[in-house]
Amino acid sequence: MPIEIDITERLGQIAEATLRVAEREGPGAITIRAVAAELGGSTAVVTNYLATRSDLLVNAIRHAQRGWREDLDRHVDPHDGAAERLRAYMAWSSGTVGHDRAVRQIWLDVAAKADSGSAAFELLRQDAVEHRRMLRAAVAEAGVSDADFAADVLYLMLRGFYFASAEDPELWTDERVGTAISRLTDLFVAGLGSPADGVSEQ
């Protein structure tokens, strides 16, 4: 009698193995053979579920995204007041836990090498749109004036952090970036971040 396999659980195992390979050897080392070896089996243990390297990347990113959503809720929900929830959102976004660094390295790899029509590239684009939407909602809820401008600035700073921390993690530490993002968030919450502040009309 064949062994029943939980597909969701197996895809999660494959994602974890993919991220471990990326952490140890870099995203360029991610191949079906390398991930199968990490799982301790033949390539069939991967190809029965994911046919290509791009599928591996998409699966790993989606796995990470599910964890992020749960972790974000745990960090933000306990806070009272929209401004405090925005601060908690930004503090969470500027941290590095679990496989975050490996995922950021995969993002760099996909952004640099993947075809713009690929599933992996489209997943990153969708994630960027959703991240900006959530950030804009949090900023508006906190009563920040010119929420679109504030969301743009905070989004670009966070996105820059994700890539900079993959390039030079010793320089762009969570502590250094977290302090900068916290101070910037406080400026917007205090109403000091309008693009017109301190700028005379020409």
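Since the model is a prediction, treat every value here as computed from it, not as a measurement.

### Quick word on the overall build of the protein chain
Inference 1: Each helix and strand counted, the protein chain has nine helices and zero strands in total.
Inference 2: Its helices and strands in sequence order give the protein chain the pattern α-α-α-α-α-α-α-α-α, from N to C terminus.
Inference 3: Its C-alpha atoms give the protein chain principal-axis dimensions of roughly 70 × 35 × 30 Å.
Inference 4: A buried classification covers 40% of the 202 residues belonging to the protein chain.

### Description of the pattern of salt bridges
Inference 1: Per the counting criterion, the structure on display carries 14 salt bridges.
Inference 2: Of the charged contacts, one joins Glu-25 and Arg-24 as a salt bridge, the two residues approaching to 3.4 Å between their closest N and O atoms. Across the pair, exposure class does not vary: Glu-25 and Arg-24 are exposed alike.
Inference 3: Of the charged contacts in the structure, one is a salt bridge between Glu-141 and Arg-85, with a shortest N-O distance of 2.5 Å. With Glu-141 in helix α7 (residues 119-141) and Arg-85 in helix α5 (residues 82-93), this residue pair connects regions lying 56 residues apart in the sequence.
Inference 4: For Arg-85, a relative accessible area of 24% gives the class partly exposed.
Inference 5: What emerges from the salt-bridge pattern is a single network uniting Arg-20, Arg-24, Glu-25 and Glu-38.

### Remarks on the packing of aromatic side chains
Inference 1: All told, the structure shown has four aromatic pairs when counted by the stated rule.
Inference 2: Consider the rings of Trp-68 and Trp-107, whose centres lie 5.8 Å apart with planes at 80°: the pair is edge-to-face. Remark: Trp-107 occurs in helix α6 (residues 100-113) and Trp-68 occurs in helix α4 (residues 53-76); sequence separation between them is 39 residues. As far as the burial class goes, Trp-68 and Trp-107 line up, both buried.
Inference 3: Aromatic side chains Trp-107 and Tyr-162 sit 5.9 Å apart centroid to centroid with 65° between the ring planes, which places their arrangement in the edge-to-face category. Here Trp-107, found in helix α6, pairs with Tyr-162, found in helix α8 (residues 147-167); they are 55 residues apart in sequence, far enough to count as distant.
Inference 4: Connected via pairs of aromatic rings, a cluster forms that spans Trp-68, Trp-107, Phe-161 and Tyr-162.
Inference 5: Lying over the aromatic face of Trp-172, Arg-176 brings its terminal NZ or CZ to 4.6 Å of the ring centre.

Rules behind the numbers
Residues numbered from 1 in each chain as written. Predicted model: local features only at pLDDT ≥ 70, side-chain atom pairs only at ≥ 80, totals over all residues. Heavy atoms only, no water. Helix = DSSP H or I, 4+ residues; strand = E, 2+ residues; numbered from the N terminus. Buried < 20%, exposed > 50% of the residue type's maximum accessible area, 1.4 Å probe, protein only. Salt bridge = Lys/Arg side-chain N within 4 Å of Asp/Glu carboxyl O. Phe/Tyr/Trp six-rings, centres within 6.5 Å; stacked < 30°, edge-to-face > 60°. Lys NZ or Arg CZ within 6 Å of the ring centre and 35° of its normal.

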